[in-house]
Amino acid sequence: MADQALEHVDIGIEGMTCASCSARVEQALGQLPGVRDANVNLGTEQASLDYDPEQVTPQQFVAVIAATGYAPVVAETELAIEGMTCASCVHHVEQALRGMTGVIEATVNLATERATVRYLPATVGIAAFTAAVAEAGYSARPLAGGGEDEAARKRQSLAAMRRDVVLALLLALLVLVLSMGGAFVPAIHGMLVTSSPFPHFWEWVQALLASVVLFGPGRRFFRPGFIAYRQLSPDMNSLVATGTGAAWLFSMVVLFAPGVFPAAARHVYFDSAAVVIAAVLFGKYLEELAKGRTSAAIRKLLGLQAKEAHILRDGKEETVAIGAVAPGDQVLVRPGERLPVDGVVREGVSHVDEAMLTGEPLPAAKHPGDKVVGGTVNAEGRLVIEATSVGQHTVLAQIIRLVEQAQTGKLPIQGLADQVVRVFTPIVLAIALLSFGVWLAIGPAPAITMALLSAVAVLVVACPCAMGLATPAAIMVGTGRAAELGVLFRKGEALETLSKVDTVLLDKTGTLTEGRPSLTDCVAEDPSALLRLAAAVEAASEHPLARAVLEAARRQGVPLPAVSDFAAVPGFGVQAMVEGRLVRIGARRFLEREGVSPGAWAETATQLEGAGKTTVLVAADELTVGVLAIADPVKTDAIALVAMLRAMGLQIAMVTGDAGPTAHAVGRQLGIQEVHAEVLPQDKAAVVQGLQKQGRKVAFVGDGINDAPALAQADVGMALASGTDIAIEAADVTLTRGELAGVVTAIQAARKTMSTIRGNLFWAFFYNILLIPIAAGVAAPLGIQLNPMLAGVAMGLSSVFVLTNSLRLRGLAPWAPPLEAGFGRKP
């Protein structure tokens, strides 16, 4: 099967509650013919599949997920289609929609001029439908109320679950009062005895209330639990359903056929069944609330997307859905509005808040010709923007896609949890049966009581949910928070790999340095006067070094006097008359050829050249008056970055195409001893490979332009990118703010996320190792016995703990280096 023939879909799945659920769905999908890769993530509640469309279809995926007892998230929407005139038009539109990855079914009605589309909302959306119809030659727009909003669906699902929780808790509390209230409050016992119309009346009331709890709110455990049994792959639902069902069934037999049991064993356990369902359901509700918070970063990013745009057509303004905007459209953005698309300013002057991309708190000035990015906010002026990228091609859409890809990945560390989960539930069932049999044989009379309570407690307390959530929950929060800080992980695996890196290889030009010549030293008795003379002469030159001098004068606001008789001497320098003085600028040999002695300035130039800088001497008439040094300056935060990486226990190396003396001079300035100089861009990957052969785990940091081979070869490739150019396919990590500080932030985020995952897995395993034996009654001779009701509470809290621990990653803070400054100086 050729990779280029594969298609990819994401499918939302409802009803999964533990790692056994996700493993079973993953196994079922992976067995379909034509499926290359199937990955089901419990944290995101999504299946991610690569498949051959010639062998299998999305309809089959949906059917398989439903057959395993879970609900695939399928949405349906209606589109108004304009421009159709015949059945052939209908066929074209249907073909355009049906040919889209993620579309299950599409039907078009010519009479009503409507299209009905069933689709997988995790893969495709309404904006893509309108674009596909437009490409077929027609126009489409979503009808009011069409399409199922994911956030609204989640809110509705959570509201329904909240109603079930409230009902279950109220009824379970009543059952608990009826069964145990008399033991604590004698008045309740007396009231129940005197008000009972016939023997065992209140036990029948308990039976009714418990039945409502089990088969009302508790239905969410029983149906998928029994389907899992049918497929010989029991899960957490099976355990809860078995435990509570056994307690309920035993109690019903006691009521309907008490003679089956000896008199001492005729106890009912409706309270255990009802309270366990209520407690587990309440835990699941808390889990859903926490899960919602883990995906807060994606929701925040989605909230940055505009829903509509104001388009200028034929001089008139039209308000259209964002999906109707096409490249080339003129989009009007008023003050305070969010930019709906990426584009170029054509009219107007304003400031745009780009904090979501750059992290800069101050808005950036925008003039005609400047690029702007969708999702940023126009501050005060009226702008007309020509759309260049729309829909899934915008920078914001790329960021969202990268974050989603990272969050759906499965890390190698999760393999251990997956292996345990595969055998976990059968082992728990075996332990429950063993504890039942042992206590039935040796337990105190009535032995059935101890046996039943122990078995039910084992079934309820053993929950693989925490193990299943340990990794994805931390990944979701960690990668989401990192994205907010300008660090995009393309794959979740990069988190784990980056946390293990021991060597950081830094590209020099454009990464550690500014990537352009700049005046670094202006050495003279009067640096400002020297810069004034030099910039006036260099203004007529096209040399790159001349531009560096002019840029320095412009930054300092130095006024330039008029010049005359400008002349360039190839290979030597330039000269001109400035305010009646002959000013010469060039190499030492230029001045010596003209009979001007460099004097003491020659030694200053030699020192600067030893630091890897290019120097020129400046002479006025027959006197040398100073030295200018030009270099590609290191970034202000580069020295602090290297120091911080070393403090984190990492080895630092630098690679550059520069000559050895210059490269080592920069290395000394930054405190980097390991320098690889005179390396061509295409050979940087070989340097990475050489370090890897030494047994090092290498992260390569480059600017993403000519470093693609090295970024791909490294264990982790980290690309510095501007906020307007984040699609660097070779990099595993993209730093959208283009700042070196992002390197430290990324490593810290990876280390803290992996630390959280390891903590989650430890406590998830420790919880089960500790509580299952106690539930089975191992500590019963010491007077310690875990009641099924407490087991239900403990099970719910285990998942809540894992999620809450993961949410601590939302406190990740960006690393900020100390600022350094300095420019002109005297000799």
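Residues numbered from 1 in each chain as written. Predicted model: local features only at pLDDT ≥ 70, side-chain atom pairs only at ≥ 80, totals over all residues. Heavy atoms only, no water.

*Asks:* Please clarify how the overall build of the protein should be interpreted in this entry.
*Replies:* When you go through the protein residue by residue, the secondary structure sums to 28 helices and 30 strands. For the protein, with 827 residues in total, the buried portion stands at 53%. Across the protein, contacts joining residues at least 24 apart in sequence account for 69% of those joining residues at least 6 apart. A total of about 35400 Å² of accessible surface is found on the protein, and carbon and sulfur atoms cover 58% of it. (Helix = DSSP H or I, 4+ residues; strand = E, 2+ residues; numbered from the N terminus. Buried < 20%, exposed > 50% of the residue type's maximum accessible area, 1.4 Å probe, protein only. Contact = heavy atoms within 4.5 Å. Areas by Shrake-Rupley, 256 points an atom, 1.4 Å probe, with all protein chains shown as cover.)

*Asks:* In this structure, what is going on with the environment of isoleucine 652? I would like to understand it.
*Replies:* Tracing the chain through its elements places isoleucine 652 in strand S26 (residues 651–655). In the structure, isoleucine 652 is positioned 148 residues away from valine 504 in sequence and 5.1 Å away in space, judged by C-alpha atoms. Setting aside its immediate chain neighbours within four residues, isoleucine 652 contacts Val504, Leu506, Val642, Leu645, Arg646, Ile672 and Glu674.

*Asks:* Looking at this model, I keep getting lost on the environment of leucine 281. Mind explaining?
*Replies:* By secondary structure assignment, the location of leucine 281 is in helix H10 (residues 270–294). The sequence separation of leucine 281 and valine 165 amounts to 116 residues, and the corresponding C-alpha distance is 6.2 Å. Ignoring anything within four residues of it in the chain, the contact list for leucine 281 reads Met161, Asp164, Val165, Ala168, Pro217, Arg220 and Phe221.

*Asks:* Hey, could you run me through the confidence of the model for the protein in this one?
*Replies:* Low-pLDDT stretches of the model should not have their predicted coordinates read in fine detail. With 88% of its residues at a pLDDT of at least 70, the protein reaches an overall mean of 83. pLDDT under 50 marks residues 820–827. Its contacts with residues more than four places away, or in other chains, come to 21 contacts. (pLDDT = per-residue confidence, 0-100.)

*Asks:* Which parts of the structure should I look at to understand helix H28 (residues 788–807)?
*Replies:* Residues three or four positions apart in an α-helix share a direction because the helix packs 3.6 residues into each turn. Taking 1.5 Å per residue, 20 residues should reach 28 Å; H28 reaches 29 Å between its end C-alpha atoms and fits that length. Among the 20 residues in H28, 15 count as buried, and that is most of the element. (Expected span 1.5 Å × (residues − 1).)

*Asks:* I'm lost on the sheet that holds strand S10 (residues 316–321) in this one. Help?
*Replies:* Across a sheet, strands are paired by hydrogen bonds formed along the backbone, either parallel or antiparallel in direction. On the basis of which strands lie adjacent, the open sheet formed by 6 strands has the order S10-S9-S11-S17-S12-S15 and antiparallel pairing. Bordering the open sheet on either side are S10 and strand S15 (371–372), each of which pairs with just one other strand. In this sheet, strand S17 (residues 383–389) lies alongside strand S12 (residues 342–347) in antiparallel orientation, the contact comprising 5 bridges. By the bridge assignment for S17, aspartate 342 is matched with serine 389. (Pairing = 2+ DSSP bridges.)

*Asks:* Got a minute to help me understand the sheet that holds strand S29 (residues 716–720) in this structure?
*Replies:* Reading across from one edge, S18-S30-S29-S28-S19-S26-S27 is the order of the 7 strands in this open sheet, with mixed pairing throughout. The sheet is open, and its two borders are formed by strand S18 (487–489) and strand S27 (674–676), each paired with just one other strand. Adjacent strand axes in the sheet meet at a mean angle of 20° when their direction is disregarded. One ladder, built from 4 bridges, connects strand S28 (residues 698–702) with S29; its direction is parallel. What sits directly across from phenylalanine 700, in S29, is glycine 717. (Axes fitted to C-alpha atoms, helices over the stretch in contact; angles between N-to-C directions.)

*Asks:* What am I meant to see in the nonpolar core here?
*Replies:* The tendency in soluble globular proteins is for nonpolar side chains to be buried side by side. Among the nonpolar cores identified, the biggest contains 145 residues, and Leu29, Phe61, Leu498, Leu645 and Met718 are the most heavily contacted of them. It is helix H27 (residues 741–776) that provides the largest number of residues to this core, a total of 17 residues. The contact partners of leucine 498, leaving out residues within four places of it in the chain, are Phe489, Ala699, Val716, Met718, Ala746, Ile747 and Ala750. Formed by 24 residues, the second largest nonpolar core is a distinct cluster that contains Cys522, Ala534, Ala536 and Val549. (Core = buried A, V, L, I, M, F, W, Y, C linked by side-chain atoms within 4.5 Å.)

*Asks:* I would appreciate a short explanation of the packing of helix H8 (residues 219–230) against helix H9 (residues 236–256) in the present structure.
*Replies:* In helix packing, the relevant descriptors are the interaxial angle and the interaxial distance, both defined with respect to the helix axes. Where H8 contacts H9, the two axes come as close as 7 Å, and the packing angle between them is 110°. Here H8 lies roughly perpendicular to H9, going by the angle between them. Regarding H8 and H9, the two cross each other, and that crossing is left-handed. On H9, the residues that touch Arg220, Phe221, Phe222, Pro224, Gly225, Ala228 and Tyr229 of H8 are Met236, Asn237, Ser238, Val240, Ala241, Thr242, Thr244 and Gly245. Tallied by class, residues from the contact of H8 with H9 come to 8 nonpolar, 6 polar and 1 charged. (Parallel < 35°, antiparallel > 145°, perpendicular 65-115°, else oblique. Left-handed = near helix turned anticlockwise from the far one by under 90°. Nonpolar A, V, L, I, M, F, W, Y, C, P; charged D, E, K, R; others polar.)

*Asks:* Sorry if this is basic, but what is going on with the pairing of S12 here?
*Replies:* Along any regular strand, the residues point their side chains to alternate faces of the sheet. As judged from the 2 bridges shared by S12 and S15, these two strands associate in the antiparallel manner. Bridging from a neighbouring strand, valine 344 pairs with lysine 371 of S15.

*Asks:* Explain the pairing of strand S21 (residues 563–569) here, please?
*Replies:* Direction of pairing for S21 relative to strand S22 (residues 573–578): antiparallel, over a ladder of 5 bridges. Looking at S22, one finds that alanine 567 is bridged to glutamine 575. The antiparallel pairing of S21 with S22 creates a hairpin that spans 3 residues between the two strands, and glycine 571 there sits at a positive phi of about 85°.

*Asks:* Even after reading the chapter, I still don't get the packing of helix H1 (residues 19–30) against helix H2 (residues 58–67), so can you show me in this structure?
*Replies:* In contact at an axis separation of 10 Å, H1 and H2 are set at 140° when each is read in the N-to-C sense. Relative to H2, H1 is oriented oblique. Viewed along their axes, H1 and H2 form a crossing whose handedness is right-handed. In this structure, H1 uses Val25, Ala28 and Leu29 to contact H2, whose residues at the interface are Phe61, Val64 and Ile65. A breakdown of the residues in the contact of H1 with H2 according to their chemical character gives 6 nonpolar, no polar and no charged.

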